[in-house]
Structures are given as structure tokens and as C-alpha cells.
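Structural overview for review
Residue-level listing of the chains:
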Amino acid sequence: MRINRLFPGSLALAFLCLAPANAALIINPTFDTTITSDPNASTIMATINSAISDYAAAFTDPITVNIKFQLGGGLGSSSTWIGSISYAQFLTAITADKTTANDNLAVGSLPSQANNPVNGNSNVFLPWANLRALGFGVGATPDGFDGTITLNTSIMNLTRQSIDPSKYDLHAVVQHEIDEVLAIQSALNGSANGDPAPAGPASTLDLFRYDQNGNRSFSSALAAEAYFSINGGTTRLVRFNQQAGGDFSDFASSATPHVQDAYGTPGATPNLGVELTMLDILGYDLAASPVPEPSTAAFLVVGILAGACWKRRRPS
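Here's what I pulled together on the structure shown here.

Rules of the game
- Starting afresh in each chain, residues are numbered from 1 along the sequence in its written order.
- Given that this is a predicted model, residues contribute local features only at a pLDDT of at least 70 and side-chain atom pairs are listed and counted only at 80 or more, while totals for whole chains, interfaces and linings are drawn from all residues.
- Neither water nor hydrogens contribute to the side-chain values; these are computed over all heavy atoms in the structure.
- Residues enter a nonpolar core if they are buried and are Ala, Val, Leu, Ile, Met, Phe, Trp, Tyr or Cys, with the set joined through side-chain atoms within 4.5 Å.
- Relative accessibility under 20% of the residue-type maximum defines a buried residue, over 50% an exposed one, and the middle range a partly exposed one, all with a 1.4 Å probe and only protein chains included.
- Each helix is a run of H or I in the DSSP string that is no shorter than four residues. Each strand is a run of E no shorter than two, and both are numbered from the N terminus.
- Residue contacts are counted whenever heavy atoms from the two residues lie within 4.5 Å of one another.
- Both site types are read off a 1 Å grid over the protein atoms alone. A 1.4 Å probe that fits but cannot get out defines a cavity, while an open set with protein on both sides within 12 Å along at least five of seven lines defines a pocket; lining residues have an atom within 4 Å of a point.
- Grid points are joined across faces, edges and corners, and a volume is the space filled by probe spheres set on the points.
- Here the nonpolar group is Ala, Val, Leu, Ile, Met, Phe, Trp, Tyr, Cys and Pro; Asp, Glu, Lys and Arg are the charged ones; every other residue, Gly included, is treated as polar.
- Helix axes are fitted only over the stretch in contact, all axes being lines through C-alpha atoms; the angle between N-to-C directions runs from 0 to 180 degrees.
- Throughout this description, any angle smaller than 35 degrees is read as roughly parallel, any larger than 145 degrees as roughly antiparallel, any in the 65 to 115 degree range as roughly perpendicular, and the remainder as oblique.
- Should the near helix be turned anticlockwise from the far one by less than a right angle, the crossing is termed left-handed; should it be turned clockwise, right-handed.
- Strands pair, by our definition, only if DSSP identifies at least two bridges between them.
- The span one expects for a helix is its residue count, reduced by one, times 1.5 Å.
- An arc is given here, and it is the one of the directions from the helix axis to the C-beta atoms.
- Polar contacts, as used here, are pairs of N or O atoms within 3.5 Å; protein pairs need one atom able to donate a hydrogen and one able to accept it. Residues neighboring in sequence count only if both atoms are side-chain atoms.

1. As for the nonpolar core
- By size, the foremost hydrophobic cluster in this structure holds 75 residues, and its most contacted members are Phe-69, Leu-151, Ile-178, Phe-228 and Tyr-284.
- Per-element accounting of this core gives the leading share, 7 residues, to helix α6 (residues 170–182).
- Apart from residues no more than four positions distant in its own chain, Phe-69 is found in contact with Pro-29, Thr-30, Phe-31, Asp-32, Ile-35, Ile-48, Ile-52, Ile-149, Leu-151, Val-174 and Ile-178.

2. Details of the layout of surface pockets
- Taken as a whole, the second largest pocket spans an internal volume of roughly 240 Å³.
- If you trace the second largest pocket, you find 19 residues lining it, with Leu-75, Val-173, Asp-261, Tyr-263 and Gly-264 closest to the centre.
- Examining the composition of the lining of the second largest pocket, we find that 4 residues originate from one element, α6, more than from any other.
- Along the lines of polarity and charge, the residues of the lining of the second largest pocket split into 10 nonpolar, 6 polar and 3 charged.

3. Some words on the packing of helix α2 (residues 41–58) against α6
- Contact geometry of α2 with α6 gives a least axis separation of 9 Å together with a crossing angle of 50°. By the angle between their axes, α2 is oblique relative to α6. Where α2 crosses over α6, the handedness of that crossing is right-handed. For the pair formed by α2 and α6, the contact residues are Ile-44, Thr-47, Ile-48, Ser-50, Ala-51, Ile-52, Asp-54 and Tyr-55 on the first element and Leu-170, His-171, Val-174, Gln-175, Ile-178, Asp-179 and Leu-182 on the second.
- Residues that form the contact of α2 with α6 fall into these classes: 9 nonpolar, 4 polar and 2 charged.

4. Details of the sheet that holds strand β12 (residues 227–228)
- Read from one edge to the other, the open sheet built from 3 strands follows the order β11-β12-β13, with strand pairing classed as antiparallel. In this open sheet, the two strands that pair with only one neighbour each are β11 (209–210) and β13 (238–239).
- Inspection of the sheet shows β12 paired to β13 by 2 bridges, in the antiparallel sense. Counterpart to Tyr-227 in the pairing with β13 is Arg-239.

5. A word on the packing of helix α4 (residues 101–108) against helix α7 (residues 274–281)
- It is the contact of α4 with α7, at a shortest axis distance of 9 Å, that shows an interaxial angle of 60°. The two elements α4 and α7 meet at a crossing, and its hand is right-handed. Touching Asn-102, Asp-103 and Ala-106 of α4 are Thr-277, Asp-280 and Ile-281, all from α7.
- When grouped by side-chain class, the residues that make up the contact of α4 with α7 number 2 nonpolar, 2 polar and 2 charged.

6. Section: the environment of Ser-77
- Among the secondary structure elements, Ser-77 is positioned in strand β5 (residues 76–86).
- C-alpha separation for the pair Ser-77 and Val-174, spaced 97 residues apart in sequence, amounts to 9.3 Å.

7. As for α2
- In this model, α2 (18 residues) spans 26 Å end to end at C-alpha, consistent with the 26 Å of a helix rising 1.5 Å per residue.
- Along α2, the residues classified as buried are Ala-41, Ile-44, Thr-47, Ile-48, Ala-51, Ile-52, Tyr-55 and Ala-58. The arc enclosing the buried residues of α2, seen along the axis, measures out at 150°, which places them on a common side. Turned more than 90 degrees off the buried face of α2, the exposed positions are Ser-42 and Ala-57.
- Here the buried face of α2 lies against β3 (26–31), α1 (33–36), β4 (64–71), β7 (147–151), α6 and α7.

8. Some words on the side chain of Asn-152
- Looking at the element boundaries, Asn-152 is found in the loop between β7 and β8 (156–157).
- The exposure class assigned to Asn-152 is buried, which follows from its relative accessible area of 14%.
- A polar side-chain atom of Asn-152 sits 2.8 Å from the main-chain carbonyl oxygen of Gly-74.
- Those residues in contact with Asn-152, other than ones at most four positions away along the chain, are Gly-72, Gly-73, Gly-74 and Leu-75.

9. Observations concerning the pairing of β5
- Most of β5 sits inside the fold, with 11 of its 11 residues counted as buried.
- Residues of β5 alternate between two faces, with Gly-76, Ser-78, Thr-80, Ile-82, Ser-84 and Ser-86 on one and Ser-77, Ser-79, Trp-81, Gly-83 and Ile-85 on the opposite face, all of them buried.
- Where β5 lies against β7, 5 bridges are found, and the strand directions are antiparallel. Among the inter-strand pairings, Ser-79 is bridged to a residue of β7, identified as Thr-148.
- Summarising the sheet, β5 and strand β6 (residues 123–127) pair through 5 bridges and their orientation is antiparallel. Counted as the bridge partner of Ile-85 is Val-124 from β6.

Set out below in C-alpha cells:
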């Protein structure tokens, strides 16, 4: 299900200071009592912390992302605070944030115009953590967490040392949900197959959604094809899930399991791959591809965050 909680108002933008080369993205976990009171609490928390450490090693953004972890039903789900900005503001910020060759390709595929090229809306939306990674001074969320992740550890392998082939990998499920809190979202999520495309803001990931012919794809139709591409649809990096019930920002199942697959594979232990490319081009800075940085630099983004912030909850 999807629950939106609306908080009206606007938020002023602030300075973005470039990070020193040794900075690291910090994900700060808060463990609910459903975890701390579990008989396997120490193992669950150790695996969550291990999954988190991959992001600190991969990205240099000087921000802290606060995530609450709890136990519940399903397999895994995330509840994420979302903000809306103008497409022009996003394009300015993502252009200034370029640090990799993939960033250059991705920005080069985005037209310079007033409205987003997905559905013509003037705005786009992205998670609160992503806004901070891009330098928007949004501050803390109303509840203090950038997102809440719910895990059903009863059907998961808690470590990769002993694998039950009928269970799912906790490490991968945690990273799947973290990716959603950080950036990986679609305006199509929650749609039924064949629903009209949303007229409101598209997500920033939707800007990189193309069909098999290299045209932008923004359809929930089951027969539609959608791929992640950072060079205008020429190269298809992964196919998006197109089945209602799974997120449209997740990946379609294939012979190679991915962290971001819409439907998990029991016994598999996938690691982050193309998901890192997604986070990179959406505004996070990969440590593996640094560019020379001035010792001190800053820029001011002028404007006001458009619309409001809301919380998006959905199963994965």
C-alpha cells in the first residue's frame, strides 16, 4: 500500500559545500524494539550494519541519512520522506554534482527546458536524503528519519555463512530498501497495470526510463517495456519491472538476481551493481571515480523548494 502524509509549506535552499576526498556517506541506523528484543537481535543488527557499510565505502557525500529499522510482515518494505522541486532546480543541481563519466552522460541526456521531459510537469520528486546529497538545505524530516525499513526476518537467511535455499538474503533485502530511501523511486509505484500515467511530478529516476526503441517510457501497461539508460536510451543497463504489485522502479526478474529485483530469489545473495550507477547519476558521489576538487568551494542554489513534503510507504 501507499500512504502519503502531506506537510504544506516551502523550504529555503542552502549552500552546498564540496566534500573533502576522504568524506563518506553515513547511514545512521536506529533499531526498533522489535529488533532489539528478538532472540537473533545481534545477528540481525550485524547484517544490517554490514549492508550499510557498503554505502560508506562506495560514496563520499558528506551527509548523514537516518533510517529506522523494524520487524514486520511481507518480505521488506520502506517508508520514505519525499520532496518536490522544479525540474530546472534539479537539472542545475545534478549538473553541478557531476563527478563521473556516467554523470556526464546522464546530464547530457536531460534537455534544458522548463518542464520535465517525462510528462511535462514543471516539477520532479526525490527522497529527502537525495535532496541533501544534492545540496538542498532541507534539514531533518518531521519524524527525524529519512525513512523506515520493515523486515520479515522469519523468511530470511540472517547471514551468508549458512544459507537455506528456501529463504531470502537479509543483506540484499536491507540494501534494496536502503536504495529506495536514498533515491530509487518512480511516480508509477502503486499504479495498477494500465492506469493513466501520473500527471504530477515524475521521480528523478523516471527521467532515465526508456523503452526498447530509445523513447522515454512512462506507462504502467503490462505490455510496455522500460529500461534504465543514462545515454538517452541507446544503452539499456537493466530492465525495469512492469508488473503491478512490484515497484515500477524495481528490476524485472532475470537469470542474474539483482539487489533491486521486484521479486526476490530464494537462496540468492546478490550484491550492489547497477544500483550504484543509479545512485551515482541521481546525485550521490562515487568514491571509486573521484575528480580533482578545489580545497574550498561552494555554490548557492537560488530558489525555493516547490510544493510540499510527503511520506511514501510501499512494499517491495
